[in-house]
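Each chain, letter by letter, is given below.
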Amino acid sequence: GLAAALDAGPAAIVAVVTESGLRGRGGAGFPTGIKWDTVAKAQGDRKYIVCNADEGDSGTFADRMIMEGDPFVLIEGMAIAGVAVGATRGYVYIRSEYPDAIEVMGEAIRVARQNGLLGASLLGSGKSFDMDVRVGAGAYVCGEETSLLNSLEGKRGVVRAKPPLPALQGLFGKPTIVNNVLSFAAVPWIMDHGAQAYADYGMGRSRGTLPIQLGGNVKRGGLIELAFGISLREIIEDMGGGTLSGRPIRAVQVGGPLGAYLTAEQLDVQMDYEALASMRAMLGHGGIVVFDDTVDMAKQARFAFAFCAKESCGKCTPCRIGSTRGVEVMDRIIAGQERPKNIAVLRDLSKLMTDASLCAMGGLTPMPVLSALNHFPEDFDRPPLPLAAE
């Protein structure tokens, strides 16, 4: 892939990535070629390539498995990105909870440097690109690209307002590509086999393959790489073998802790960005967590608010205060206090957070809350438990 990229040149690399239909695999699904083209055309005395390996979503582990199992494909993908846009320096931002991935990536970078895959002259081409590992400090919000960039610069991990976009003013104010591990890892194969070969996989606007991470109450969890378009039911029942407990599936959360809960009747949805968005859900990083019929969805809704309250960067009021108020409202609902009035407050609060939060941390927190409320209303009207049982 890297050899083909060096032969093709910057403009051709961007064209191939664009034609392949590759979209950001970190969750946003933004077309990778458009981002690369923006950075390639941006003016700057220096440009950067940043890999977001701060894989904080519950039920996700594809980034870790790639970094530990095939680190060179990530290094190669980042080097190709550097050649494409004229960047000479890259960073892999890895979450501190991945000590093995940090060690393996560091060693792989040293080996790549010794063998001419990184450094002053990539494969003897005269093109320069080098990279290093940077370790996060356990903040979920640093998975958001601008918060990650602040952390890389040695600042507190808080979200930046956009514009300006990182593609124009990113790391240290310079044009920067920020992509997920899976996005970069797909690029060497695309450059080696061609844009059409990759685009032939998938459906609609979701081209190529998606590494799906299956976990929760399921017999066979693990990593499954498939073309877009397979149904959620096929993944859970045929590949996962159904629930580990043997009890009926009641809910499935897709897309991490900020993803929607789907019901057992919705499992025939295809794994596709647009198909899930039409159901007020999201594909995210491809994480799937299965729950059986013993789950309490009101408590899951409370957890979403509690998670946001703990992990919010605190910069914007809707997220910082809204998540805390959300926990309080859910506690009143679970305790049976004026449920109709508190559910009305819950919906109003969710709309506020969705519309007014600075980033997806607060903006998406209402997605699991409202899906739980809309699909499982009976859990929000259960007899209150005695305080001691809590």
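Reading the values: the criteria
Residues numbered from 1 in each chain as written. Predicted model: local features only at pLDDT ≥ 70, side-chain atom pairs only at ≥ 80, totals over all residues. Heavy atoms only, no water. Pairing = 2+ DSSP bridges. Helix = DSSP H or I, 4+ residues; strand = E, 2+ residues; numbered from the N terminus. Axes fitted to C-alpha atoms, helices over the stretch in contact; angles between N-to-C directions. 1 Å grid on protein atoms, 1.4 Å probe; cavity = no way out; pocket = protein on both sides within 12 Å on 5 of 7 lines; lining within 4 Å. Points joined across faces, edges and corners; volume = space filled by probe spheres on them. Nonpolar A, V, L, I, M, F, W, Y, C, P; charged D, E, K, R; others polar.

Novice: What is the right way to read the sheet that holds strand 9 (residues 249–254) from this model?
Specialist: Across a sheet, strands are paired by hydrogen bonds formed along the backbone, either parallel or antiparallel in direction. Spatial ordering of the open sheet is given by 8-7-11-9-10, a layout of five strands whose pairing is mixed. Only two strands of the sheet have a single partner each, and these edge strands are strand 8 (222–227) and strand 10 (261–263). Direction aside, neighbouring strands of the sheet carry axes that sit 30° apart on average. As paired strands, strand 9 and strand 11 (residues 287–292) are joined by five bridges and run antiparallel to one another. Paired with Ala 251 across the two strands is Phe 291, which belongs to strand 11.

Novice: What exactly am I supposed to notice about the layout of surface pockets here?
Specialist: Here the idea is plain: a probe the size of a water molecule rolls over the atoms and shows the empty space left. One number sums up the size of the largest pocket: a volume of about 1300 Å³. In this structure, the largest pocket is lined by 49 residues; those nearest its centre are Gly 26, Gly 27, Ala 28, Gly 143 and Ala 360. Where the lining of the largest pocket is concerned, the elements lending two or more residues are helix 3 (32–41), strand 4 (176–180), helix 11 (273–277) and helix 15 (360–364). Top contributing element to the lining of the largest pocket by residue count: strand 4, with four residues. The class makeup of the residues in the lining of the largest pocket is 22 nonpolar, 16 polar and 11 charged. In terms of lining, the second largest pocket is formed by 14 residues, of which the most central are Ala 185, Ala 186, Trp 189, Thr 209 and Glu 225. For the lining of the second largest pocket, the secondary structure elements donating two or more residues are helix 8 (181–193), strand 7 (209–216) and strand 8. Here the lining of the second largest pocket takes four residues from helix 8, the largest share from any one element. Its residues assigned to classes, the lining of the second largest pocket comprises 10 nonpolar, one polar and three charged.

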